[in-house]
Amino acid sequence: MFDSYQNIEIIKSVKLDFGTIELRSDDILTFEPAKGITTVNKDQLVIMLKNLIDASNGAPKPFLSDNRNIKSFGFEEREYVAKTIHLFASASAILEDSFVIRFITHTIVTMFKPQIPMKMFKTKESAIEWLRNYN
């Protein structure tokens, strides 16, 4: 599979009930929620973490999460993300298009202070450009 815009090959892909994790040939990890998914719970985050660590071969990589369809994300889930994200990510770019996602991300960054940089973006292209600095 190729990303025709940047001629990027998907070298690893894991389909979960709630989304897809991919490792791209430019060493960027991605998460895309499944159609209709508007939140992710702690049990799903635990599954995601295992799969993201496996996909990264235990070496943290730049990470892109498409959160544009997320409508809610609990306190416990926010804390879990902040405390575990460094296990697979060297930096995290969040695709957002709503106040809800901006609020959730700001809460994670300010309350729980993840060990890696996190930044929000409106477009996949700008997020990937930023992530390339963390490769």
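Here, every reference points to the structure presented above.
Here is what the cut-offs are and how they apply
Residues numbered from 1 in each chain as written. Predicted model: local features only at pLDDT ≥ 70, side-chain atom pairs only at ≥ 80, totals over all residues. Heavy atoms only, no water. Helix = DSSP H or I, 4+ residues; strand = E, 2+ residues; numbered from the N terminus. Rg over C-alpha atoms; globule rule 2.2 N^0.38 Å. Contact = heavy atoms within 4.5 Å. Areas by Shrake-Rupley, 256 points an atom, 1.4 Å probe, with all protein chains shown as cover. Lys, Arg positive; Asp, Glu negative; His and termini not counted. Charge placed at Lys NZ, Arg CZ, Asp CG, Glu CD. Phe/Tyr/Trp six-rings, centres within 6.5 Å; stacked < 30°, edge-to-face > 60°. Buried < 20%, exposed > 50% of the residue type's maximum accessible area, 1.4 Å probe, protein only. Arc of directions from axis to C-beta. Salt bridge = Lys/Arg side-chain N within 4 Å of Asp/Glu carboxyl O.

A. A look at the overall build of the chain. A tally of regular secondary structure across the chain gives 4 helices and 7 strands. Over its C-alpha trace the chain gives a radius of gyration of 14 Å, about what one expects of a compact globule, namely 14 Å for 135 residues. With respect to the three principal axes, the spread of C-alpha positions in the chain is 35 × 30 × 25 Å. Partitioning the intrachain contacts of the chain with sequence separation of at least 6 by distance along the chain shows that 70% fall at a separation of at least 24. Approximately 7200 Å² of the chain is accessible, and the part contributed by carbon and sulfur atoms is 54%. Between the mean site of the 17 positive side-chain charges and the mean site of the 17 negative ones, the chain shows a separation of 4 Å.

B. View of the packing of aromatic side chains. Following the criterion strictly, the structure yields 6 aromatic pairs and no others. Both rings, one in Phe121 and one in Trp130, keep their centres 5.5 Å apart while their planes meet at 45°; by these two values the pair is tilted. Look at Phe121 and you get buried, because its relative accessible area is 9%. A connected cluster of aromatic rings, assembled from ring pairs, spans Phe121, Trp130 and Tyr134.

C. Quick look at the environment of Pro60. Here Pro60 shows up in the loop between helix H1 (42–55) and strand S5 (61–66). The spacing of Pro60 and Asp97 is 37 residues in sequence and 26 Å in space, taken between C-alpha atoms. Excluding its chain neighbours within four sequence positions, the residues that come into contact with Pro60 are His86, Leu87, Phe88, Ala89 and Ser90.

D. Representation of helix H4 (residues 124–131) in the model. Restricting attention to buried positions, one finds in H4 the residues Ala127, Ile128, Trp130 and Leu131. Viewed along the axis of H4, the buried residues span an arc of 160°, placing them on a single side of the element.

E. Just the pattern of salt bridges, in detail. This model, assessed by the stated rule, comprises 9 salt bridges. Notably, a salt bridge pairs Lys83 with Glu79, separated by 3.1 Å at the nearest N-O pair. Here Lys83 pairs with Glu79, and both are found in helix H2 (residues 75–84), just 4 residues apart, close to one helical turn. Residue Lys83 is classed as exposed on the basis of its relative accessible area, which comes to 52%. Put simply, Arg24, Asp26 and Arg132 are held in one network by salt bridges that share partners.

F. Molecular detail of the environment of Thr84. Within the secondary structure, Thr84 is located in helix H2. Separated by 30 residues in the primary sequence, Thr84 and Pro114 place their C-alpha atoms 8.1 Å from one another.

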